Amino acid sequence: MNYAILAGGQGSRFVKDGVQVPKPLVKILGRTMLQRLIDLFMNNGAERITVSANANMPMLLEALEQCVKSGFPVEVRPIVTDNSFVSLQNACRNLGDKFIATTVDAMFFDSEFSEFVKKFESMNSEEDVLMGLTRFVDDPSPLYADLNSDGLVVDYRYGGEPFASGTIVSAGIYGLTPASFKAVEKVCAVPESLSDFQRILAARTPINVKVFEFSKAFDVDCVHDVSVAEDFLSTK
């Protein structure tokens, strides 16, 4: 399996909290968020790991180069953009027939991620993608998903109220194919954001957006979230 990590953001909340290292290098239980994902991907059969990394963060680029020198199958793809979709596109370019992408700060149980990988590996059609969702909501403006009676995602909405189908939100874990990008780009050459990409994919393309439900998943957005993540990961 090929994997991609989205680490092109500014980490502005950590900067405001006075943190001196780039967000991907913030440690959770003794490991950086970046290394945690690389280790997790390696434990789940990683052949290639691409990282869309903020080109203006030399400390992050240096850490990634150390990963390469240490023998990890990591490819560094520096980028400067405020558009999270462009960061995703950069990370997933020429990555193979199917690939899994995550945001660098996404927290979830390793065992559930392994089940996500197995389910995605069992899907054979380029027209099928697999999105990680969770009913755990800790964000005041989450990306809500709307599911139909077959359990497919048919729409997304950022913030506001949940859809009538129930409260379930994006977990920041995406099983994608080149066909899914091509389908979205026929509708909109450059979506405004990662959430816009997901909305177009579900609501305006023939791609089947299937669901894997994580019991709990959330983003580490600020210093306070670090201790929350450590408590969470220590429970399983």
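Up top is the structure these notes are about.
Please read these numbers as outputs of a predicted model, since none were measured by experiment.

Peer 1: What am I meant to see in the pattern of salt bridges here?
Peer 2: Side chains that carry opposite charge are capable of pairing whenever their charged atoms lie near each other. Summed over all chains, the structure comprises 10 salt bridges. With a shortest N-O distance of 3.8 Å, Asp-221 and Lys-23 are connected by a salt bridge. Within this pair, whereas Asp-221 is found in the loop between strand 13 (218-219) and helix 8 (223-233), its partner Lys-23 is found in the loop between helix 1 (12-16) and strand 2 (27-28), the two being separated by 198 residues in sequence.

Peer 1: Got a minute to help me understand the packing of aromatic side chains in this structure?
Peer 2: Each aromatic ring pair is described using two quantities: the centre-to-centre distance and the angle formed by the ring planes. The final tally for this structure, using the stated rule, is 16 aromatic pairs. Each ring, one from Phe-99 and one from Phe-181, has its centre 6.1 Å from the other, and the planes form 45°; the classification is tilted. Of the two residues, Phe-99 is situated in strand 6 (residues 99-103) and Phe-181 in helix 6 (residues 178-187); the sequence distance between them amounts to 82 residues. On the accessibility criterion, Phe-99 (1% relative accessible area) is buried. For Phe-181, a relative accessible area of 8% gives the class buried.

Peer 1: Whenever I open this one, the side chain of Lys-23 confuses me. Can you help?
Peer 2: On the accessibility criterion, Lys-23 (15% relative accessible area) is buried. Looking at Lys-23, its side chain comes within polar contact range of the main-chain oxygen of Val-220, at 3.2 Å.

Peer 1: Any chance you could explain the pairing of strand 5 (residues 74-79) here in plain terms?
Peer 2: In summary, the side chains of a regular strand alternate between the two faces of the sheet. The sheet contact formed by strand 4 (residues 48-54) and strand 5 spans six bridges and is parallel. Residue pairing for strand 5: Thr-50 is matched across the bridge by Glu-75. Handedness of the crossover joining strand 4 and strand 5 through helix 3 (residues 58-69): right-handed.

Peer 1: I keep staring at the nonpolar core and nothing clicks. Help me out?
Peer 2: Most often, soluble globular proteins have nonpolar side chains that are buried together. In terms of nonpolar packing, the biggest core is built from 36 residues, with Ile-5 and Phe-113 touching the most fellow members. Contributions of two or more residues to this core are made by strand 1 (2-7), helix 2 (33-42), strand 4, helix 3, strand 5, helix 5 (110-121), strand 11 (169-176) and strand 12 (208-214). For this core, the element with the most residues is helix 2, which contributes five residues.

Peer 1: Please clarify how the pairing of strand 8 (residues 128-134) should be interpreted in this entry.
Peer 2: Strand 8 sits mainly inside the fold: seven of its seven residues count as buried. For strand 8 and strand 12, the ladder comprises seven bridges, and the chain directions are parallel. When the bridges of strand 12 are listed, Gly-132 appears paired with Phe-212. Here strand 8 pairs with strand 11 via four bridges, running antiparallel. Its bridge partner being in strand 11, Leu-130 is matched across the sheet by Gly-175.

Peer 1: For this particular structure, what's the right way to read the packing of helix 6 against helix 7 (residues 194-204)?
Peer 2: The axes of two packed helices give the description: the angle between them and the distance between them. One way to put it is that helix 6 packs onto helix 7 with a least axis distance of 9 Å and a crossing angle of 90°. In terms of their interaxial angle, helix 6 and helix 7 are classed as roughly perpendicular. On the side of helix 6, the interface is formed by Ser-180, Phe-181, Val-184 and Val-187, while helix 7 contributes Phe-197, Ile-200, Leu-201 and Arg-204. Within the contact of helix 6 with helix 7, the residues separate by chemical class into six nonpolar, one polar and one charged.

Peer 1: Is there a simple way to think about the environment of Val-137 in this case?
Peer 2: Tracing the backbone through its elements, the reader meets Val-137 in the loop between strand 8 and strand 9 (143-147). Note: C-alpha distance between Val-137 and Glu-75 (62 residues apart in sequence) is 33 Å. If we skip the residues at most four places from it in the chain, Val-137 touches Pro-142, Thr-167 and Val-169.

Peer 1: Explain the state of the cysteines here, please?
Peer 2: Formally, a disulfide is one covalent bond, and it connects the sulfur atom of one cysteine to the sulfur atom of another. A full pass over the atoms with the stated rule returns zero disulfides. With no disulfide of its own, Cys-67 lies 19 Å from the sulfur of Cys-92, the closest cysteine sulfur. Residue class for Cys-67 comes out buried when judged on its relative accessible area of 6%. Looking at Cys-188, it has no disulfide partner, and the nearest cysteine sulfur is the one in Cys-92, 17 Å off.

The rules behind the values
- Residues numbered from 1 in each chain as written.
- Predicted model: local features only at pLDDT ≥ 70, side-chain atom pairs only at ≥ 80, totals over all residues.
- Heavy atoms only, no water.
- Salt bridge = Lys/Arg side-chain N within 4 Å of Asp/Glu carboxyl O.
- Helix = DSSP H or I, 4+ residues; strand = E, 2+ residues; numbered from the N terminus.
- Phe/Tyr/Trp six-rings, centres within 6.5 Å; stacked < 30°, edge-to-face > 60°.
- Buried < 20%, exposed > 50% of the residue type's maximum accessible area, 1.4 Å probe, protein only.
- Polar contact = N/O pair within 3.5 Å; in protein donor to acceptor, adjacent residues only side chain to side chain.
- Pairing = 2+ DSSP bridges.
- Right-handed = clockwise from strand over helix to strand, strands pointing away.
- Core = buried A, V, L, I, M, F, W, Y, C linked by side-chain atoms within 4.5 Å.
- Axes fitted to C-alpha atoms, helices over the stretch in contact; angles between N-to-C directions.
- Parallel < 35°, antiparallel > 145°, perpendicular 65-115°, else oblique.
- Contact = heavy atoms within 4.5 Å.
- Nonpolar A, V, L, I, M, F, W, Y, C, P; charged D, E, K, R; others polar.
- Disulfide = S-S within 2.5 Å.

That is the geometry; function is a separate question.
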